[in-house]
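An overview of the molecular structure
Take a look at the letters that make up each chain.
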Amino acid sequence: MTAEIAPATTNQNKANNFLRQRIADDLETGTTKRVVTRFPPEPNGYLHIGHAKSICINFGLAEAFGGHCHLRFDDTNPEKESQEYIDAIIDDLHWLGFQWHGDTRFASDYFEQLHQWAKLLIGKNLAYVCDLSPEQARAYRGSLTEAGRNSPYRERSADENLALFEKMTAGEFDEGHCVLRAKIDMSAPNINLRDPIIYRIRKFRHHRTANKWCVYPTYDFTHGQSDAIEGITHSICTLEFEDHRPLYEWFLQQLPVPNQPRQFEFSRLNVNYTVTSKRKLKHLVDAGLVDGWDDPRMPTISGMRRRGYAAQSLRNFCDSTGVTRVNGVVDMSQLEFAVREHHNVNAPRAMVVMQPLKIVLGNYDASDAEQLRAPNHPQNEAMGSRSLPFGRELYIDREDFRESANKKFKRLVLGKKVRLRNAYVIFAESVVRDEQGEIVEVHCSYDPATLGADPPDGVKPKGVIQWVSAAHAVGIEVREYDRLFRIENPERAGSDEQALLESVNPNSLRVHRNCLAEPSLAEARPEQVFQFEREGYFVADRHQHTSAKPVFNKTIGLRDSWGKVDNQASNSGAK
RNA sequence: UGGGGCGUCGCCAAGCGGCAAGGCACGGGGUUUUGAUCUCCGCAUUCGAAGGUUCGAAUCCUUCCGCCCCAGCCA
């Protein structure tokens, strides 16, 4: 055995970032002995790409430091939450490849404890029942530049507050009649400290506790204490919660919690041409602009899954964007790179013709029909090969034929040659038109000496195009997507629903019903991804694909340097 | 005009007083039976701006400018 030099980095090494540095410090100085993080979604919608980043950070940190990551549903608002969302979120987490430590947890598991702590606060004269209406409370709160005023109910006695809170809990008051507030400081420059509400009356059936409660703790009174109960050491959230940190710490100091977690904030993920707001995504769903939360155009985890993005790609993308406190917007191209990077290596190749144009090989006898073999991956023999029927009549894509073209067009041109992928070189001799003058057939000849070999004359055709055998092709439906939003930053277009709807791209879905595929594709299983050569990556639809009626979603096109050249040519009129 | 944050290449992002990593995008060359992949090359004399400290500053100090978040009985 020779001495090995330890690799400086592990293969899946994640970039260092301020959270890792901080945790490493905490461990080194003994501030903490272990690392426990948590992913705390509210079950009020489906998870999106932004949550994927939070998931990767929280689970990634726990893994990197040999700790644990919990899953805890932050279910303190029964009006907006449901079991459907819980199930969907759990599905997404598993699909992404993460498993949390221990049971699935719920903030509602701690309602009893939270309620007792609220009474404890009342007993310490640090909480009171306030009868101000929402409008009055807002007025009393002051403004960004003016201090608030004390509520007239602020000095009720602990006994009175306790009695009132018990009445709230018993359901003796209507919603909105009163709330329980922490007694902190109405003149605090941080508005979150101006006697924040910690319990409100909500007469909704809760998806877990049913009708047991009619008072529910607010986020601020729930999150930190839940972290403490679970032994969370590093509570990671996004920047907008930074102003809540003093409050988070205030509750932990006033209450006899078993542990002192600390909160750290990072900037949320934004991607251009899309939105990462559950509220907005829910609006698209409710307005019927998309076909549900997992519509392939949605930036939800389930939408991207249905679109054909690999879980690995999502994880790689999240890792590639880094963890910082800078508000930024990541280019969609960075996500797309991660998607292609994975599929290029893993997706078997196949041939599909999107817009069929018939080819007749005049010198190929129909009775000579043969089975060719094609590798499933050009760079990976281990992926095997498949059989490809070849015959006198074929289909190629309309886009791959022109009666005349300049030398930049490396496809089939009348009077020229082209290579049929995995098969022979053919020569275009003549065209057949219908009554409208449209070309319906191209008559060609093939060169029998070119199967797996260059032409005997040594002149290699410049182009290679995909094809399918007319007698064996399988009809498939292909759904092609364009970006859901026409503007680069729909997130900042405005918060109102109208602005959101106006930014939606009306042509984000195109359905192609007459595509023809090589027969092997009939055996595709739902969610299986292929590269349709020269076109892109496509996935058999998770819900609607069957071998009787194959349906593929276009995940993403191949990088296309020709498209750019061709566009420039047509724009300058020089086709 | 209160409080809290943030400003390094078109985008993301290292950098932690010693003389600007990397990825995406983009441009160009090579290989190629996918105009894909792969590969090679190029891409910030400059770090929001201006002063200052220092032998030396993206890193320290001062001032200024710009952007984001906070006034839900949402999270």
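Residues numbered from 1 in each chain as written. Chains lettered and ligands numbered in written order. Predicted model: local features only at pLDDT ≥ 70, side-chain atom pairs only at ≥ 80, totals over all residues. Heavy atoms only, no water.

**Some words on the packing of aromatic side chains**
- One pass over the structure, following the stated rule, counts 21 aromatic pairs.
- Ring geometry for phenylalanine 390 against tyrosine 424: centres 5.1 Å apart, planes inclined by 55°, an arrangement best described as tilted. Here phenylalanine 390, found in strand S14 (residues 385-390), pairs with tyrosine 424, found in the loop between strand S18 (417-420) and strand S19 (425-433); they are 34 residues apart in sequence, far enough to count as distant.
- A relative accessible area of 0% means that phenylalanine 390 is categorised as buried.
- A relative accessible area of 5% means that tyrosine 424 is categorised as buried. (Phe/Tyr/Trp six-rings, centres within 6.5 Å; stacked < 30°, edge-to-face > 60°. Helix = DSSP H or I, 4+ residues; strand = E, 2+ residues; numbered from the N terminus. Buried < 20%, exposed > 50% of the residue type's maximum accessible area, 1.4 Å probe, protein only.)

**Some thoughts on the protein's contact with RNA strand B**
- The full set close to RNA strand B counts 67 residues, and Thr76, Arg349, Lys408, Arg421 and Gln531 are the nearest of them.
- Of all RNA strand B atoms lying within 4 Å of any protein atom, the proportion belonging to sugar or phosphate reaches 64%.
- Note that a base nitrogen of RNA strand B is positioned 2.7 Å from one of the side-chain N or O atoms of aspartate 243.
- Glutamine 531 has a polar side-chain atom sitting 2.5 Å from a base nitrogen of RNA strand B.
- For the surface near RNA strand B, the leading source of residues is helix H12 (residues 332-346), giving 4 residues.
- Its residues placed into classes, the surface near RNA strand B shows 23 nonpolar, 22 polar and 22 charged. (Near = heavy atom within 4 Å. Polar contact = N/O pair within 3.5 Å; in protein donor to acceptor, adjacent residues only side chain to side chain. Nonpolar A, V, L, I, M, F, W, Y, C, P; charged D, E, K, R; others polar.)

**Comments concerning the sheet that holds strand S7 (residues 215-217)**
- Overall, antiparallel pairing links the 4 strands, which are arranged S4-S5-S6-S7 in an open sheet. A strand with exactly one partner marks an edge of an open sheet, and here the two such strands are strand S4 (127-130) and S7. Taken over all neighbouring pairs, the strand axes of this sheet differ in orientation by 20° on average, direction set aside.
- Relative to strand S5 (residues 179-182), S4 is paired through 4 bridges, and the arrangement is antiparallel. Paired with cysteine 130 across the strands is valine 179, a residue of S5. (Pairing = 2+ DSSP bridges. Axes fitted to C-alpha atoms, helices over the stretch in contact; angles between N-to-C directions.)

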